[in-house]
Every structure is written in structure tokens, then in C-alpha cells.
Amino acid sequence: MPDALAEAGVRPVSGDPDAARAVLSAADVGRVVDRMAHEVLEKTRGAGDVVLLGIPTRGTSLARRLAGRVEAFAGIAVPTGSLDITLYRDDLRLKSPRALEATDVPSDGIDGKLVVLVDDVLFSGRTVRAALDALADLGRPRAVQLAVLVDRGHRELPIRADYVGKNIPTSLRETVHVLLTEHDGRDAVLLGPAAPGRDGGSAS
Amino acid sequence: MRRHLLSAADLSLEDATLVLDTAEELAQVSERTVKKLPTLRGRTVVNLFFEDSTRTRTSFELAAKRLSADVINFSAKGSSVSKGETLKDTALTLEAMGSDAVVIRHSWSGAPANLARWIRGSVVNAGDGTHEHPTQALLDAFTMRKRLGRIEGLAVTIVGDVLHSRVARSNVLLLSTLGADVTLVAPPTLLPVGVETWPASVSYDLDAVLPKSDVVMMLRVQRERMGPSGEKATAYFPSSREYSRRYGLDVRRALALADDAIVMHPGPMVRGMEIAPEVADGVRSTIVEQVANGVSVRMAVLYLLLGGAAPAIGAPDVGFDLAPPAPLTPPAQGRATPA
Amino acid sequence: MTSYLLRDVRPYGEAAVDVRLVDGRIAEIGTGLGDGDGRVLDGAGAVLLPGLVDLHTHLREPGREDAETVETGTLAAALGGFTAVHAMANTDPVADTAGVVEQVWRLGREAGHCDVAPVGAVTVGLGGEQMAELGTMADSAARVRVFSDDGHCVSDASLMRRALEYVKAFDGVIAQHAQEPRLTVGAQMNEGVTSSMLGLTGWPAVAEEAIIARDCLLAAHVDSRLHVCHVSTAGSVELLRWAKGKGWNVTAEVTPHHLLLTDDLARSYDPVFKVNPPLRSQTDVDALREGLADGTIDCVATDHAPHALEDKEAEWGAALPGMTGLETALGIVALTMVETGRLTWRQVAERMSSTPARIGRLDDGPQPQGRPIAVGEPANLCLVDPASTWTVDPRATASRSRNTPFAGRELPARVVATFLRGRPTVLDGKPA
């Protein structure tokens, strides 16, 4: 179970996907990622010193897609990697210890770079907080930005995203499912009722 | 609820794989500038060492510190333990200090199991008598997987004083869980009665086994085994010369190994006895890696035991028991049914 | 004149009768006896056995009164249905002189829960080197007939031979703790599959069997009496069967715990299961039951070995070996031998009363033990309710120690009453 998703109240297809309705179609997801890539290029003035670090597991895939689009649009190969934040979570004591996901930092490191953290859903902000701590132990970036496919609101920390694919106002009783071809066989963003016994709003 | 790591047998295939995978990720920490994670902040880990072992104690200490746990080193020497304080008294003291885990090294087999009944936290066996040393087996497995890419199907040969080796016991158990084929090689006097029931093959002939081995693990042979205080009649073998001639990994024997075979040793080595210096320092040798891997594996164990609300690996709770012994299940009538 | 009428009791578990005890003796046995002027106990069909006799008890006094005293140990014995126990010699000081054995004997008389027959040490200080004054102990008020270095083996063959010969002069017997010391250096538990996994030094069966074989040959050679303590292995049973087949004067005992428990229990590393000789395999347990049933093993002896808490609440290797057993012995024998159809109650009476009394030569003299249930015999009796089960609770023992390996087990055959020469020591399952 990808922790970042769990934290965001997102359950990939589990929950009750039949009851969920599509907020973004596959084509929408593609368009949104294209737009985000353009925004990164624009806001970072050509992405010269950008490193894209995805938060596993879907964040990592999104980071790779963004890099692919940036290269397609501007001919620049942006280093990408993944950053597992499990060991930095503030809710470790609430559950059994979890298996770790890969942390894979590009060989040139992150010192002096502009790191863009990439995640699928921004919810309470706690995942991003943990990611910032993890990042600090890996090096000293010039600046850190945040890109998310969906911002569903309900922040519990003073954190905001620099690049947002789509703002989806949600109720705490709802769950956001992000599906990506790499993991789920298709691209979509679904909005559905919280899984039984689980309050979609309880940012874990 | 699971709570302890007392024996390699406490780990299922899933558990063991989880430890190795976790260690793999944690190994990166050792390569960073900031070699520290906040994961166990506020947790207290006690290193309770009744036997000298700078190597193992330091490894556990570093592992706990890299995860930001508070570490107390409680060594038997210079403490009240050497003044006749019982293990139980020590346990009660540690309990009062609020330790979350006790890493114990003890000269009596089973001492960690005894301790587990007297404290509420997790107990990690860091070597008990001639019983087990599960984290050593985990780091050995980790080293094999790193070097050879897999464990399942590997031919692992463990050579030496199996009878008295906690490393051998834990390795046999863990490696069989992970699907390796283990062969024990030793003079018959250094193999325990009952070894035929272990999940391992047995041979007395090192030369016959070496060419088929992917991994050769040499165990330390203590000179005391030639008879305590010069008591020759209780010796397990006639002389160190004869031992190293028949069971030592010398340069000639190392040539018989397959190209990518590796040579391991849990340390400390007796160079020239069970292993020739040229072999110990050669390219096949993983002896230095084993030490580094030890820290990662112990970090993984501590994280998986202490990092969450409840341990993710380990032995079932044996029950917390300060007064009377735990009752046994009544036997079926007329039949001896040991609990 | 004190008198008791035991109504509706079944001697040896056979036909129900009434039994009248008058002035320490069995005065009358029959059906429909009148109440008389004494106290009447309704046995409700309980089994009446002769008072049990233990050949192997550690009372720990003098020396370790924190673990047991003659007073507490003999009370535990009475609660277990015993009217006589042999007190082993490994006290501090060792019972190797007339002074010590007389002290223990006198303490037993003063406590009054059951007769105490002291066992004398074979060698001075149990040192295995110099024969103790066996004759003086035999001639003392304690009338010692059983000699043993129990806890230690008389391993020197020449010394063993001399001891066997020497005790012939007063019809004594050497009770050997059969353990070849060189094969059991540092031994912690039965040598086998379990010890190999637990990393505990093995105590091989051969270390017992080698000594038993040697001692049988020695006893035959000098035509003396040998008794083998706590036989624990299948091989020992075979050797004893062979020696008995030769007509040699060899007897043997088995403990209740060796009739029930196996070395698997050591997996917990709980030293309550540490005992010497160690718990063995199921094959051994089966052979011991068989040997006790067919008479190869003559009797059951408890090897009641109380230990203070600190000597048991330790690492396995640091803990002392031994288990308490007086209060549970009959229950374990009922469980393993009677309920399985291996022994009748009459045979239990032989193996737990008359035979051990005969081996210890308590069946004769002014206050004999182990006598049959018959008119005119001393009223040493124990009344057992075979159907009544009870759960072993270490905290509810009369012994000063709690190291029973049977904690939490449900046992049959509750001892309801014990009579020592007509006087109840236990009534209603409680000290009288």
C-alpha cells in the first residue's frame, strides 16, 4: 500500500471503485500533466537545475511523466528520482511498521538544485512535511517546490503546492482515487465515498 | 502480538524478506552525509551485554543511534551484574527505566527467552551461549543477496565448530526459510547429536563440498575446544595443525571454489587456523562488507520492531510474567503431551 | 482410645468395605460395621491404599531451610498420601555421619507428619573418594539402610564395589545416581534433537546406562544389593530387565516426572523443567511406563527436589536442577499408569508402598511401613478419590518451594485423607 496515498485518504481501486465517479478521464490526466510540464518550464525558467523527486509510488511515476513531457517540449533531460518518506512520518506509532519504498536520488545529488517534489494528491500536507525533512537529510537544495496532480483541500499544515493539476473540492467523507497506467492499468481520477470503516477525512 | 527476535526461526519467509528489503533501503543512510533518521526518536534501546563483544555491541549501538533512539549501554562488567545481581533483577531495573527494547548478549543459551518473560519491551537476541545469533544470520543473508543477487537455491557451506556455534544455528534456520541449500562441514566431534534432523546436509569432507558451493562460511574455532586448561582428554580434535589441514580454508582449497563463490566469516577470525590470511583478504571475501551490512540489518530489525504501534516481525509474545510460572495446557488424559 | 471408622472405602480399589482403625492399627474390616464410639468418615467409594513410601526425597534440612524443612517437606508428603519418606543425604552438612542422620530422623519424629528415614551418604561429603561411616549410621537411632551420594554418582568403580560389599554386613543398599561424570561435563538437558537446537550441552542417555550396566555387574560380582535411582532412559530399562533376568539383586525407581514429561519442554528455557537426570524423549517415557508396568522398574520415587525461587528464576544454565513432586506423585501415577490401564490400584500400592518399604527395609521393626491393608497391621493408610480432579497450583503447596513442573495441569486421584498409625495427618485433603 503506497503510504503517501494512504495518508491522503486515497485508496487505489480498493475502497469501492464502482461507487466512484470519474473526475478526470485518461485524456484529462494527459492534458493536465502536459500543462504542469509547461508550468514547470515557465516557472523555473527552462528547468536548467531542476530535479524531480516523486513520492512513492504514484508520485514517482508522475515525476517520470513530467520529465518525459519537459524533455518533449524543451529537449531538456531533467533528472528524476524517488523519495520515500516512511521513516520521517509523524504517524509511525499509530500503525505497524511498514515496508520501505525506494529512495533513489539522481547521481548528481540535490545540493544547490531546484527540487520539485511530486505527489499524486495533496491532502493534509503531512506527507510533504515529512518529505521536506527527508530532503534536508539528503542535502541542501537551492529551493524546493511542490507539484501535485490533485489538491483536495483540508490542509492541516501551512503547505501549498506550486503546481496543481486540478483542484477538487472534497468532503472529508469522500475518497480520491488516482489511477495511473503504470500501477492500475489506466489513467483516471475518481471521487467516491470513503471505504467502509474508514473516514476519508482522517488524515492519518 | 509479536514482540521479540529471539531465534531466526521466529522469522517467516515474509518477515525475513521484509527485513532484508528494509535493510537494503536503510543501507543508503550509511552513504549519506547526514547518517541519521528521526524514526525512533524518543525510543530507548538498551544494549545489555553480559559477554564482551565490541563488534556486535557497536553495530547495534550505531544502528539504534542512526534511527535516533536513545541508547544505554549496560555491560555486565563494572555494573552490579558482576556483583551477583540476577538477570531478573537487571530486567526489573531496565523495566523501571522504561526501555522499549533490550538487545541482549549472554553466555547462557536461552537467557533472552528468560528476559522476555520479565520485561514489557522487545527483546533482541544478540547472541546467547551456543544457541543463536539471529541478526548475524540476517546480515549474512543480506550479504549473500547483495553479492549473488539471490538466496533461494544457493549452495551454502558452513564449516567448523557447528556444535558450539550460535551463528551456525541461526544461519541454518534462516537460510532454510529463505530457500538456500545448506551443508554443514565439520569433524564429527564438532557436530551436535541430532544434527541429522536439522534442515541441512552434513559432510565430513570439505574438499568434496567446496567446488559445489556458492557460499563458504567459515566459523571460528576456539582454541579452548582443544581441551580447557590443557585437559587433552576432552579435546574435540587432536591439534590445530590437523584441524586446519582437514577443515581450514587455505589458498589451495580456495582455488577449488567456483569463480563467483564468496567466502564469509562472522569474525573474529583465527587467521591461519580456519582461514588463511590470503583468503580472508581476497576478493571473494565479504568479511568487511559483513560488518557494514550488520548496521543496516540491525537498523531494519529495530525499525520493524519499534518503528510502529506494534512489531511487524518476530516471535509471539511469551507473556509477561513476574510472579508464578505460566500455567501449562493440561495434557490429554493418559498421554504425555508436553506443552 | 482413638478410633476411626472409614465407611464405604475400597481397599486397593477393589470391593467396598468399612475399615475400623483402633489405637494405630487396623482393627476390623467388613461390611455394615457399626459406627462405634469413634469418628466416622464416609469414603463414598474412595480407594484405600497403604500409606505411600518414598525412597527419594530431598528435605533440604539442614542447610537450605529456605527451600524446605523437614516440617514443610513431610507435610507435603502427607498431603501426597505418604506415611514415610527417605531423606536424601545431600544436605549441608552432608548426612555422612550418625550425628546428622539422627538429627534429621529426630526432626521427622517431632514434625509428626510422616516417618523420616534418613539416607546416609556413601562417601564423605559426597566427595566420591572416601567411604563414609556407613556402619555407624546403620547402627544409629536412625537405622540407616539406604546409602546414596544422590546428586553425584559414585563413579569410581573400585569405591562402588567396596561400598556394595560393605553394606552387606547390615543389609544395606547402595542407591546409585547413575551419571558418568566425564560424559556429562556441563550437561544441561537430554542430548538429542532438542538440545542440538537449543544450544544446551547434552546429557546423553549412555552416561546413565554405562553406569547402570557397570553397577549391575559389580552387584552381581559381590552378591550385594543395588538400587538404581531415577531411571530415565529406555536403554536403562533394557539393562535392568537383563540384570533381573539373571536373578541379580537389583532394584530401580522411576520418578513421576519421567513418566510424563519430555525434553521438548526445555524449549521454553524455563528452568522449572530442568532436572537431573533430565527429561528425556517420548520413547523413553513409553519405555519407563512399560518397565514400571511389567515390574522391571520396582517402584516410583518422587525425587522431590525443592529449590528456592532465586535458584530457579535464573538462566537455564545457572538454575539448579530439580522439581518438587510429593504432592503430585500419586496424581501423575494415576494419570499415566492407572487411567491408561497399565497398573491396577493394587499394583500402585506395591510400587508406591510395599516395594519401596522393602527396599529401604522399613517393612520390619517396631514401626513398620508398607504393610498390607489387613486386620492387625499398622494403620498407615491413604484414602484417594480417583474421580476427583484437581489443578496443580504452585502457590497452594505445603512445600516451601514452588518448582513444580506440573503447574496448571489437571490431575486425577486427589488424596482425601492420610493416616499415620491410626492418626490422621490429612483429612478432607487438608492438613489434619
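Quantities reported herein were computed from a predicted structural model and do not represent experimental measurements.

## A short note on the overall build of chain B
- If you tally the helices and strands in chain B, you get 11 helices and 11 strands.
- The burial tally for chain B puts 59% of its 339 residues in the buried class.
- Sequence separation of at least 24 residues holds for 74% of the intrachain contacts in chain B that already meet a minimum separation of 6.
- Total accessible area computed for chain B in this model is approximately 13000 Å², and 53% of it derives from carbon and sulfur atoms.

## Points about the packing of helix 5 (residues 134-148) of chain B against helix 6 (residues 166-177) of chain B
Residues and elements named next belong to chain B.
- Contact geometry for helix 5 and helix 6: axes closest at 8 Å, N-to-C directions at 55°. Relative to helix 6, the element helix 5 is oriented oblique. Of the two elements, helix 5 crosses helix 6, and the hand of that crossing is right-handed. Facing Pro134, Gln136, Ala137, Leu138, Asp140, Ala141 and Met144 of helix 5, the residues of helix 6 in contact are Val167, Ser170, Asn171, Leu174 and Leu175.

## Side note on the interface of chain B and chain A
- Chain B puts 22 residues into the contact, and the matching count from chain A is 17 residues.
- Buried surface at the junction of chain B and chain A, both sides included, amounts to about 1600 Å², of which 56% is carbon and sulfur.
- Considering only the side of chain B, the residues that lose the most area to chain A are Glu25, Arg32 and Tyr303 of chain B, jointly responsible for 29% of the buried surface there.
- Counting across the chain B and chain A interface gives 1 salt bridge.

## A look at the packing of helix 5 of chain B against helix 11 (residues 287-306) of chain B
All names here are of chain B.
- Axis separation between helix 5 and helix 11 bottoms out at 8 Å; the angle between their running directions is 115°. Handedness of the helix 5/helix 11 crossing: right-handed. Residues Thr135, Gln136, Leu138, Leu139, Asp140, Phe142, Thr143, Lys146 and Arg147 of helix 5 form the contact with helix 11, whose own contacting residues are Glu289, Gln290, Asn293, Gly294, Val297, Arg298 and Val301.
- In terms of residue class, the contact of helix 5 with helix 11 is built from 5 nonpolar, 6 polar and 5 charged.

## Overview of the pattern of salt bridges
- Going through the model one piece at a time under the given rule, you end up with 50 salt bridges over all chains.
- In this structure, Glu289 of chain B and Arg147 of chain B form a salt bridge, with 2.6 Å as the shortest nitrogen-oxygen distance. Of this pair, Glu289 of chain B sits in helix 11 while Arg147 of chain B is found in helix 5, placing the two residues 142 residues apart along the sequence.
- Residues Arg253 of chain B and Asp207 of chain B are paired through a salt bridge, measuring 2.8 Å at the closest nitrogen-oxygen approach. Taken together, the residues span a long stretch of sequence, with Arg253 of chain B in helix 9 (residues 251-254) and Asp207 of chain B in helix 7 (residues 206-209) at a distance of 46 residues.
- Taken together, the shared-partner salt bridges in this structure form one network comprising Arg64, Asp66, Glu310 and Asp311 of chain C.

## Quick notes on the domain arrangement of chain B
Residue and element names in this part refer to chain B.
- For chain B, the domain assignment lists domain 1 (2-133 + 291-316) and domain 2 (134-289).
- Relative to domain 2, the C-alpha centre of domain 1 lies at a distance of 25 Å.
- Taken together, the contact pairs 36 residues of domain 1 with 29 residues of domain 2.
- Here domain 1 and domain 2 share an interface that buries about 2600 Å² over both sides, 62% of which is from carbon and sulfur atoms.

## With respect to the sheet that holds strand 6 (residues 155-159) of chain B
Residues and elements named next belong to chain B.
- Pairing within the open sheet is parallel, and its 5 strands lie in the order 8-7-6-9-10. The outermost strands of the open sheet, each flanked by one partner alone, are strand 8 (201-203) and strand 10 (262-264). Taken pair by pair, the neighbouring strands of this sheet meet at an average axis angle of 20°, ignoring direction.
- As paired elements, strand 7 (residues 181-185) and strand 8 share 3 bridges and run parallel to each other. Paired with Leu184 across the strands is Val202, a residue of strand 8.
- The sheet contacts of helix 5 involve strand 6, strand 9 (215-218) and strand 10, and relative to strand 10 the element is tilted by about 165°.

## Quick look at the arrangement of the chains
- With 2 pairs of chains in contact overall, the contact-richest pair is chains B and C.
- The closest approach of any C-alpha atom in chain A to one in chain C is 27 Å; the two make no contact.

## Brief notes about the nonpolar core
- With 114 residues, the main nonpolar core has Leu138, Met144, Ile158, Leu174 and Leu184 of chain B as its most contacted residues.
- With 11 residues, the top contributor of residues to this core is helix 11 of chain B.
- Those residues in contact with Ile158 of chain B that sit more than four places away from it in its chain are Ala168, Asn171, Val172, Val182, Thr183, Leu184, Val185, Met217 and Leu219 of chain B.
- Membership of the second largest hydrophobic core comes to 98 residues, among which are Val9, Ala46, Ala78 and Ala334 of chain C.

## Section: unusual backbone geometry
- Going from Pro56 of chain A to Thr57 of chain A, the amide bond is cis rather than trans, its omega being -5°.
- When you line up the elements, Thr57 of chain A lands in the loop between strand 2 (50-54) and helix 3 (58-74).
- In this model, Asn276 of chain C is joined to Pro277 of chain C through a cis peptide bond whose omega is -5°.
- Located in the positive-phi region is Asp171 of chain C, a residue other than glycine, with phi close to 55°.
- Position of Asp171 of chain C among the secondary structure elements: in the loop between helix 4 (157-166) and strand 9 (173-176).
- With a relative accessible area of 35%, Asp171 of chain C lands in the partly exposed category.
- Even without a glycine there, the phi angle at Tyr269 of chain C is positive, about 60°.
- The residue Tyr269 of chain C is located in the loop between helix 8 (256-260) and helix 9 (282-294) in this model.
- Classification of Tyr269 of chain C as buried rests on a relative accessible area of 3%.

## Some words on helix 2 (residues 54-66) of chain B
Residues and elements named next belong to chain B.
- Under the 1.5 Å per step criterion, the end-to-end length of helix 2 is 18 Å for 13 residues, consistent within 8% with the ideal 18 Å.
- The complete set of buried residues in helix 2 reads Thr56, Ser59, Phe60, Glu61, Ala63, Ala64 and Arg66.
- In this structure, the buried residues of helix 2 make contact with strand 2 (44-49), strand 3 (70-75), strand 4 (101-106), strand 5 (122-128), helix 5 and helix 11.
- Of the residues flanking the end of helix 2, it is Ser68, one or two places downstream, whose phi is positive at about 70°.

## Observations concerning the environment of Gly129 of chain B
Residues and elements named next belong to chain B.
- You can see Gly129 is positioned in the loop between strand 5 and helix 5.
- Spatially, the C-alpha atoms of Gly129 and Ser109 are 4.2 Å apart, while their sequence positions differ by 20 residues.
- Among all residues touching Gly129, those that are not within four sequence positions of it are His106, Ser107, Trp108, Ser109 and Arg166.

## Overview of the pairing of strand 4 (residues 39-50) of chain C
Residue and element names in this part refer to chain C.
- The pairing of strand 1 (residues 3-11) with strand 4 spans 7 bridges and is classified as parallel. Bridging across to strand 4, Pro11 finds its partner in Leu48.
- In terms of strand pairing, strand 4 meets strand 15 (residues 381-385) through 4 bridges, oriented antiparallel. Note that in strand 15 the partner of Leu48 across the bridge is Leu383.

## Observations concerning the sheet that holds strand 5 (residues 143-151) of chain A
Residues and elements named next belong to chain A.
- Strand order in the open sheet made by the 5 strands is 3-2-4-5-6, with parallel pairing throughout. Here the strands that pair on one side only, and so sit at the sheet edges, are strand 3 (80-82) and strand 6 (163-167). Looking at each pair of strands side by side, their axes are set apart by 25° on average, direction ignored.
- Bridge count between strand 2 and strand 3: 3 bridges; the pairing is parallel. Each bridged residue has a counterpart across the sheet, and for Gly54 the counterpart in strand 3 is Ser82.
- Its contacts with the sheet place helix 2 (residues 26-43) against strand 5 and strand 6, and it is angled at close to 150° to strand 6.
- Sitting on the sheet, helix 4 (residues 126-138) touches strand 2, strand 4 (114-122) and strand 5, and the angle it makes with strand 4 is about 155°.

## Some thoughts on the state of the cysteines
Residue and element names in this part refer to chain C.
- One pass over the full model with this rule turns up 0 disulfides over all chains.
- No disulfide involves Cys216; its sulfur sits 13 Å from the nearest other cysteine sulfur, which is in Cys153.
- The class of Cys216 is buried, set by a relative accessible area of 1%.
- With no disulfide of its own, Cys382 lies closest to Cys114 among cysteine sulfurs, the gap being 12 Å.
- A relative accessible area of 0% places Cys382 in the buried class.

Each value, and the rule that gives it
Residues numbered from 1 in each chain as written. Chains lettered and ligands numbered in written order. Predicted model: local features only at pLDDT ≥ 70, side-chain atom pairs only at ≥ 80, totals over all residues. Heavy atoms only, no water. Helix = DSSP H or I, 4+ residues; strand = E, 2+ residues; numbered from the N terminus. Buried < 20%, exposed > 50% of the residue type's maximum accessible area, 1.4 Å probe, protein only. Contact = heavy atoms within 4.5 Å. Areas by Shrake-Rupley, 256 points an atom, 1.4 Å probe, with all protein chains shown as cover. Axes fitted to C-alpha atoms, helices over the stretch in contact; angles between N-to-C directions. Parallel < 35°, antiparallel > 145°, perpendicular 65-115°, else oblique. Left-handed = near helix turned anticlockwise from the far one by under 90°. Buried area = accessible area lost by both parts, 1.4 Å probe. Salt bridge = Lys/Arg side-chain N within 4 Å of Asp/Glu carboxyl O. Nonpolar A, V, L, I, M, F, W, Y, C, P; charged D, E, K, R; others polar. Domains from an automatic or database assignment. Pairing = 2+ DSSP bridges. Core = buried A, V, L, I, M, F, W, Y, C linked by side-chain atoms within 4.5 Å. Expected span 1.5 Å × (residues − 1). Disulfide = S-S within 2.5 Å.

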